[in-house]
Amino acid sequence: MIGLVLLWAMWAIWPTIQYQGLSDAEKETLREEGKLDQIESRTIKQGLDLKGGMYIVLEVDLPTLLDNLAENKDSKFLRSIATVRDKLSQTPEADFFTLFTNTSNQNNLKLSRYYYDYGSSNSDILAALGEEAEDAINRVLEILVNRVDQFGVAEPTIQKQGTQRIIVELAGIQDSERARALLESTALLEFFIVKDINTTNQLMVRIDQAIKGDESIAAITKSEVAEETISSKDSDDETVSVSELFGETDDTETHSDSAVVDENIFAERPFSAMLRNLGQTIGVPEKNVYAVKKILEQPEVQEKLAAVGGIFLFSHKAEEYPLVDGTLETMYSLYLVEDEAELTGGVVEEAKANLGPQGSTSAGQPIVNLSMNSDGARKWSIVTGSNVGRQVALVLDKKVHMAPNIKEKISGGGTLIEGFADINEAKDIAIVLRAGALPAPVDIIEERVIGPSLGADSVRSGTLSVIIGLGLVLIFMLIYYRFSGLIADFALIWNIVLVLAVLASLQATLTLPGIAGLILTVGMSIDANVIIFERIREELRKGKTPKAAVNSGYDRALTTIIDANMTTVIAALVLWQFGTGPIKGFATVLFWGILVSMFTSIFVTRTIFNSFTSRKGFTKLSI
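Colleague: Got a minute to help me understand the pairing of strand S11 (residues 328–338) in this structure?
Modeller: For a regular strand, side-chain orientation follows a simple rule: the groups alternate between the two sheet faces. Strand direction decides the pairing type here: strand S8 (residues 281–285) and S11, joined by 4 bridges, are antiparallel. Bridging across to S11, Ile282 finds its partner in Leu334. Pairing between strand S10 (residues 319–322) and S11: 4 bridges, direction antiparallel. Directly across from Tyr321, in S11, lies its bridge partner Glu329. Connecting the antiparallel pair S10 and S11 is a turn made up of 5 residues, with Gly326 showing a positive phi of about 90°.

Colleague: Whenever I open this one, a negative patch on the surface confuses me. Can you help?
Modeller: On the surface, Glu319, Asp422, Glu425 and Asp428 cluster together to form a negatively charged patch. Residue position: Asp428 is located in helix H16 (residues 423–434).

Colleague: Help me understand the pattern of salt bridges in this model?
Modeller: In a structure, side chains of opposite charge can pair up when their charged atoms sit close to one another. Taken as a whole and judged by the stated rule, the model has 14 salt bridges. Among the salt bridges present, the one from Glu534 reaches Arg537, with a minimum N-O distance of 3.5 Å. Taken as a pair, Glu534 and Arg537 lie in helix H18 (residues 512–541) at a separation of 3 residues, close to a single helical turn. Here the salt bridges share partners, and the residues they tie into one network are Arg535, Glu538, Glu539, Lys542, Lys544 and Arg556.

Colleague: I tried to follow helix H13 (residues 289–296) on my own but got confused; where do I start?
Modeller: Residues lying three or four places apart along an α-helix face the same way, a consequence of the helix completing one turn every 3.6 residues. Among the residues of H13, Val289, Ala291, Val292, Ile295 and Leu296 are the ones counted as buried. The buried residues of H13 all sit within an arc of 165° when viewed along its axis, so they share a single face.

Colleague: Quick question: what am I supposed to make of the environment of Ser458 here?
Modeller: Along the chain, the position of Ser458 falls in helix H17 (residues 452–505). The exposure class of Ser458 is buried, given its relative accessible area of 10%. Note: C-alpha distance between Ser458 and Leu50 (408 residues apart in sequence) is 5.7 Å. In this structure Ser458 touches Asp49, Leu50 and Leu512, once residues within four positions along its chain are discounted.

Criteria and thresholds
- Residues numbered from 1 in each chain as written.
- Predicted model: local features only at pLDDT ≥ 70, side-chain atom pairs only at ≥ 80, totals over all residues.
- Heavy atoms only, no water.
- Pairing = 2+ DSSP bridges.
- Helix = DSSP H or I, 4+ residues; strand = E, 2+ residues; numbered from the N terminus.
- Patch = residues over 30% accessible without salt bridge, like charges linked within 9 Å, V, L, I, M, F, W, Y side chains within 5 Å.
- Areas by Shrake-Rupley, 256 points an atom, 1.4 Å probe, with all protein chains shown as cover.
- Salt bridge = Lys/Arg side-chain N within 4 Å of Asp/Glu carboxyl O.
- Lys, Arg positive; Asp, Glu negative; His and termini not counted.
- Charge placed at Lys NZ, Arg CZ, Asp CG, Glu CD.
- Buried < 20%, exposed > 50% of the residue type's maximum accessible area, 1.4 Å probe, protein only.
- Arc of directions from axis to C-beta.
- Contact = heavy atoms within 4.5 Å.

Structure, rendered in structure tokens:
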């Protein structure tokens, strides 16, 4: 059992060791080959204090949101909003709706006068406004996630804090001006018509011809030419509609080519060889995305796209598709769309996720009801009327979230979208459709930039502190407990390796406080062995044999060790549950460190002692 655990630990921690040894040039090469993501996904992530980067706290302006939602406004209402705003500035941690409720009661505000669409009683209106505020923050989160994805941060952290704040951590980013512009700008929602299959296939042939023989392309894709291919699809494919107005084709039932591509085929079709056929769309295997984007950036490819008046856009997330051999492959969808958007998100008035009404073809199924303003409805009628049977891509910040089929001309702006796997997917699309503009102003209230040199210094000082602390403990145990101390030292080293392996497996982030937790774990782990060894020495002084002394020592010390460790585990869980940022990082390492230390200091060391004391002729224990 111990051997298997140690083998697993080495397997889990090896990618981190491998990644730390890579130079920038080697990382870029692996990125071009599509292999770097596989390594990075299994490494121990470094926090801002170790890697450097930006820590930003955003605050959604809820007073302005409620001001905008009010149908009627008078001086009494405006004074109440101003009062709440002042109180928030004095006590930023206060709950907005608690302040708003108290202020409304003090000023005798009858909220139904200002928010008559949200209910009749103050309690109902406040509950509805709370839902609107939560929805607004979710929309801001959706916008920020899309923006940060484009920024190219490897492991961004975006999370809600309380009711109106959002924490954004951008590890490795130093350009504060660009980050500010990215986070404070408005998201762009657009509707694009997707090009037909014939146009897409013809363009792919032209791109293949344009880049055939280009050595730079061969260098980008050399590691993948033996793996992926796509076959041309006949132009008479039928589009399957599954809703009254919009429908989606069932991509999961189409089959991808599984033919292996050799050097000769790649030489003739360097672009197509990177892709797979998904029916109405093109599939890009996850590891080929970087190479495909590089190809699409080539000037000669841009010329071909301009000639057909189109651009390629990726889906916002990867999905698994079945291959003919029964296996699954993770791929992004790639869409060739018109180079000009038909509509922008500014025309969307409302988008709500619901279950289809009884008596309709979508009864009981998750749907999204979309409504537009008069200008949008007029344009939408023209767009849908002239593109019946074609796909329309819903694009947020140049990423396709959905591409349903237009079933018929849609007049009046009221649109029904269906074909969702569940209600949560429908809610996500509704958020995207409403994310065309920030629902309320977002202010950066805190910003910290940690330079890479400071992060590197933190890594060096933290590593040095672990090595010095560990070294002193190892030397002390070896001198004071002799051979038994050597056994404890072995268990201690494996304790650290196992903790790091757990962090890598959980994809946890190691911070400077986390390193402090690691040092504390060293002390907690060796403390258990000290208690056990002292008990064993007491038993030996009573004249017991080494085997009997070891058994009695472990049995007598076990309860004390478990009690001490469990109280610390409880403290670690409380810190993890209620702490944020650095405190959570410390608690994570401390929690797993204690659990692992109980395994190494009790189970591992006792197993080793038993193997020695069980031998014939073993009469003296070096302790």
